[in-house]
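# Tertiary structure, described
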Amino acid sequence: GRILFIFVHNDYYRPPQQRAKRQHPATTVRLTTMTTKNYVLCPRSTEDYRIEETEFGYSLVANRRIKKGRCVFEDSLELCFRDVQEGDVILLTNNYHDNDKCNENTPICLPINQVTLFGTHGVGRILQDHTSAKKKEELDEEWHLESPGMFMNHSCDPSVVTTKFDWTEGEDIATRNIQKGEPLTCDYAYFDYDEDGTTFECCCGASNCRGKRIGFELLTPAERETILKNGNVSDAVEARHLHELGKGPPVRILPPKPFPRVPSELPRLVVPGPSCAVADMIGIRPCSPTLEDDPRTFGLVATRDIPAGKLVYEFWAQPWPVFPNASQSPSSLQLVAAMPLSDSDLPEGTTVRIDPHLCASRHADTGDFEFAGFDLLTHHSCQPNLFYDYRHDEDENWRTAYACRDIRKGELLTIDFDCHLWERPVATCLCGAFDCRGSVGGFSHLTPSQQEELISLTWDRKHLGQDLFDFPKEEKENFCDSSSDEERGSALSPFVWEQWKKASN
């Protein structure tokens, strides 16, 4: 898995009449002129899981066969967030493995609020930013939600356990062979110390079912010892257990952290940062746009020196989200930073305005705009330092970005928009490259000779030993002309390549 995921969902413990009240109802969400509502991005289906409505509410179900001991969430987008306010919703979106519209029984939006965070679906963690003296006196426990893990149901015989409670190193492992279509379950006692003072009948149906919901403190000594030995409990549960034994400081549960929101006329979409892909060579930092019409004031930067040909990061790509009661045409949005899991992420709640018509590529088959999360913060350069390996990516949802030349620490990460966008509003280019074209309007706005130069470029990894952009112009043209027919167009996005072939015919 790309980040640690721990799960809480309480419907298995509710009597049927109470469960019905707690199920997420479909909700009508209207975009007003100005709003502070957050939509939290959650693909409703990936190669790993799908979200289905069951008798116990909306649940995670395996979308593939998973062998015992293997990572469960290998190909899923995961995020954590603490900022939960009345009116917020989980936005269930389609991806390239699930192109059909949501059926009538599956809502687009699931409402969340403070009760969701502190009463039914939240998870506690111990804050790590304490001094040694502070740790000896008191520990602070902070609560957050996790998507899509908040949809996982309980079982006294769980199919999933967590190997290590670390945001970027922990993995969720199958405890047994999981069949496609089987519910993905966890044991709440691993994450819940005292059930918040409430108990319910357990409906998991396991042969070792405890009969009712109980927290870690009510497990038998043998059960607690086994769980602690295997490292399957959360740090908050372990800290509270040690305090009860007189071996650790008390734990204080922090109240909700206030996250001020600036009203916006655009939908606010919560997405994870680079940590969701363990992209430890990059970070998001304030920057000056390289195009005159670009509203983005943040960009991806290298946090270390990166040699040419190196895989820089992976990123999640899917169709552009459609918001309820909004036009079906792709709309601009406010990208809202989720809870940071490493220094590469923005502070939670930071917003960046994204206009798909200015920076988003299109899918080769459908022509629809693609939503690429934090990768939408790459800027343009006529002398870029990144390329996308379109021809070798095996997963349509996870894409790869490589260094097409040596990148220095602190350098802004850039792509050539004219290679990846067929058309966009023409804007003055401010990239400052020695061969800057002066303006950018997409591949269709280039002259035939400029188009042929980009078509002839090959950024395939086997050629990356040569830095194309450090050659004198005449040498660069000779190098470009030497590319084979099979390699022609490899520097272009599949959509641009297909559009050019259609236009040429």
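As a starting point, this report considers the structure included with it. Everything quoted here is computed from the prediction, not taken from an experiment. (Residues numbered from 1 in each chain as written. Predicted model: local features only at pLDDT ≥ 70, side-chain atom pairs only at ≥ 80, totals over all residues. Heavy atoms only, no water.)

### Things to note about the environment of tyrosine 58
Selection criterion: Secondary structure elements are taken from DSSP: a helix is a run of H or I of four residues or more, a strand is a run of E of two residues or more, and numbering for both begins at the N terminus.
Within the secondary structure layout, tyrosine 58 lies in strand β3 (residues 57-62). Between the C-alpha atom of tyrosine 58 and that of asparagine 153, which follows or precedes it by 95 residues, the distance is 8.8 Å.

### Focus on the pairing of strand β19 (residues 333-337)
Applied cut-off: Any residue under 20% of the maximum accessible area for its type is buried, any over 50% is exposed, and the rest in between are partly exposed; the area is computed with a 1.4 Å probe on protein chains only. Only strands that DSSP links by at least two bridges are regarded as paired with each other.
Along β19, five of the five residues are buried, which leaves the element largely enclosed by surrounding structure. Of the two faces of β19, the one holding Leu333, Leu335 and Ala337 and the one holding Gln334 and Val336 are both buried throughout. Looking at chain direction, strand β14 (residues 268-271) and β19 are connected through four bridges and run parallel. Note on β19: the bridge partner recorded for leucine 269 is leucine 335.

### Overview of the pattern of salt bridges
A side chain with one charge can pair with a side chain of the opposite charge if their charged atoms come near. Using the following cut-off: When a carboxyl oxygen of Asp or Glu lies within 4 Å of a side-chain nitrogen of Lys or Arg, that pair is called a salt bridge.
In the structure shown here, the tally under the stated rule is 27 salt bridges. The salt bridge involving arginine 353 is made with glutamate 265; its shortest N-O contact spans 3.2 Å. Highlighted residues: arginine 353 in strand β20 (residues 351-354) and glutamate 265 in the loop between β13 (251-253) and β14, separated in sequence by 88 residues. According to the relative accessible area criterion, arginine 353 is partly exposed, its value standing at 34%. For glutamate 265, a relative accessible area of 42% translates into the label partly exposed.

### So, the sheet that holds strand β24 (residues 398-403)
Quick reminder of the rule: What counts as an axis is a line fitted to C-alpha atoms, over the stretch in contact for a helix, and the angles between N-to-C directions run from 0 to 180 degrees.
Here three strands make up an open sheet; going across it, the order is β17-β24-β23 and the pairing antiparallel. The sheet is open, and its two edges are formed by β17 (311-316) and β23 (386-388), each paired on a single side. Ignoring strand direction, the axes of neighbouring strands in this sheet form an average angle of 30°. Where β17 and β24 come together, five bridges link them in antiparallel fashion. Considered in β24, the bridge of tyrosine 313 is made with alanine 401.

### What about the sheet that holds β19?
Ordered in space as β6-β5-β1-β14-β19-β20, the six strands form an open sheet in which the pairing is mixed. Of all strands in the sheet, those with a lone pairing partner are β6 (109-111) and β20, marking the two edges. Across this sheet, the average inter-strand angle for adjacent strands is 35°, counted without regard to direction. As judged from the four bridges shared by β19 and β20, these two strands associate in the antiparallel manner. Residue pairing across strands places glutamine 334 opposite arginine 353, the latter belonging to β20.

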